[in-house]
Amino acid sequence: MLESGKPNVLLVDHDAKSRRCMEVSLRRAGFCVLSASDNMDATEKLHMLTPKLVLTELRGPQVDGLQFCKSIRENPRMANVPVVFLTRETGQLGKHQAQGAGATDYIVKPTFIDDIISKVHHHVGELETHLETTQPGYRTSLIDTPWEECISKLGGHDATLS
């Protein structure tokens, strides 16, 4: 369930224990986490929301992070969403492939969960700053949005408060 006011993060990891650990840690750090076990599940979830950040494996069973990242970059709605790869690969080849696919950052596992959370905070903050300075009228939440604009964003239906 998505919580309003918290930045949404899409987490993609095939390993259930690793995914659960990161999900709980990110929630405790103030993020709303939507998790997926593979690319197909993640792609379906991207149709439901535009996350503030995608945290995904570079490679895994049923996970091709490079192709997933390219598909995110090709979607105009998500072109600016930071994509951070998690991998066990320590060589330069994986890092160069990730950069070529459009990755924002690259984290080698094993790592401390605090390092992952720190990078997520950093990239979500950079995205917010970028949107506020490049998109006129951008707001980080509906709280500071005029009522009429909220209604039009929700489909233009007239609504009354009771």
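Structure: above.
A brief report on the enclosed structure follows. Only a predicted model underlies this, so the values are computations on that prediction, with no experimental measurement involved.

What the protein chain contains, in helices and strands, is 6 helices and 7 strands. Along the protein chain, helices and strands appear, N-terminal first, in the series β-α-β-α-β-β-β-α-β-α-β-α-α. The buried share among the 162 residues of the protein chain stands at 40%. Within the protein chain, residue pairs in contact and separated by at least 24 positions form 57% of the contacts whose partners lie at least 6 positions apart. Accessible surface for the protein chain amounts to roughly 9500 Å². Of this, 54% is attributable to carbon and sulfur atoms.

The next subject is the layout of surface pockets. Its boundaries defined by the atoms lining it, the second largest pocket holds a volume of some 220 Å³. For the second largest pocket, the lining is made up of 14 residues, of which Glu-57, Leu-86, Thr-87, Arg-88 and Lys-109 are closest to its centre. Taken together, the residues of the lining of the second largest pocket sort by class into 3 nonpolar, 4 polar and 7 charged.

With that out of the way, let us pick up helix H4 (residues 92–101). Among the residues of H4, Gly-94, Ala-98 and Ala-101 are the ones counted as buried. Seen from one end, H4 has its buried residues packed into an arc of 65 degrees, which puts them on one side. Every exposed residue of H4 that faces more than 90 degrees away from the buried side is listed here: Leu-93 and Gly-100. Against the buried residues of H4 lie strand S4 (59–60), helix H3 (65–74), strand S6 (83–87) and strand S7 (105–108). One or two positions beyond H4, positive phi appears at Gly-102, with a value near 105 degrees.

Let us look at the sheet that holds strand S3 (residues 53–57). The strand order across the open sheet formed by 5 strands is S2-S1-S3-S6-S7, and the pairing between neighbours is parallel. Since the sheet does not close on itself, it has two edges, and those belong to strand S2 (32–36) and S7, each with one partner. Ignoring strand direction, the axes of neighbouring strands in this sheet form an average angle of 20 degrees. Relative to S7, S6 is paired through 4 bridges, and the arrangement is parallel.

Among the 5 residues of S3, 5 are classified as buried, and the element is accordingly described as predominantly covered. Burial along S3 is two-sided: the face carrying Leu-53, Leu-55 and Glu-57 and the face carrying Val-54 and Thr-56 are both buried. As paired strands, strand S1 (residues 8–12) and S3 are joined by 4 bridges and run parallel to one another. Pairing of Val-9 across the sheet is with Leu-53, part of S3. As judged from the 4 bridges shared by S3 and S6, these two strands associate in the parallel manner. When the bridges of S6 are listed, Val-54 appears paired with Val-83.

The subject of this paragraph is the nonpolar core. Among the nonpolar cores identified, the biggest contains 21 residues, and Leu-10, Val-54, Phe-68, Ile-72 and Phe-85 are the most heavily contacted of them. Elements represented by at least two residues in this core include exactly S1, S2, helix H2 (39–46), H3, S6 and H4. Looking at which element gives the most residues to this core, the answer is H3, with 4 residues. Sequence-distant contacts of Phe-68, that is, excluding residues within four places in its chain, are made with Leu-10, Val-12, Asn-39, Ala-42, Thr-43, Leu-46, Val-54 and Thr-56. Core analysis: the second largest hydrophobic core is formed by 15 residues, Val-33, Leu-86, Ile-107 and Val-124 among them.

Criteria and cut-off values
- Residues numbered from 1 in each chain as written.
- Predicted model: local features only at pLDDT ≥ 70, side-chain atom pairs only at ≥ 80, totals over all residues.
- Heavy atoms only, no water.
- Helix = DSSP H or I, 4+ residues; strand = E, 2+ residues; numbered from the N terminus.
- Buried < 20%, exposed > 50% of the residue type's maximum accessible area, 1.4 Å probe, protein only.
- Contact = heavy atoms within 4.5 Å.
- Areas by Shrake-Rupley, 256 points an atom, 1.4 Å probe, with all protein chains shown as cover.
- 1 Å grid on protein atoms, 1.4 Å probe; cavity = no way out; pocket = protein on both sides within 12 Å on 5 of 7 lines; lining within 4 Å.
- Points joined across faces, edges and corners; volume = space filled by probe spheres on them.
- Nonpolar A, V, L, I, M, F, W, Y, C, P; charged D, E, K, R; others polar.
- Arc of directions from axis to C-beta.
- Pairing = 2+ DSSP bridges.
- Axes fitted to C-alpha atoms, helices over the stretch in contact; angles between N-to-C directions.
- Core = buried A, V, L, I, M, F, W, Y, C linked by side-chain atoms within 4.5 Å.

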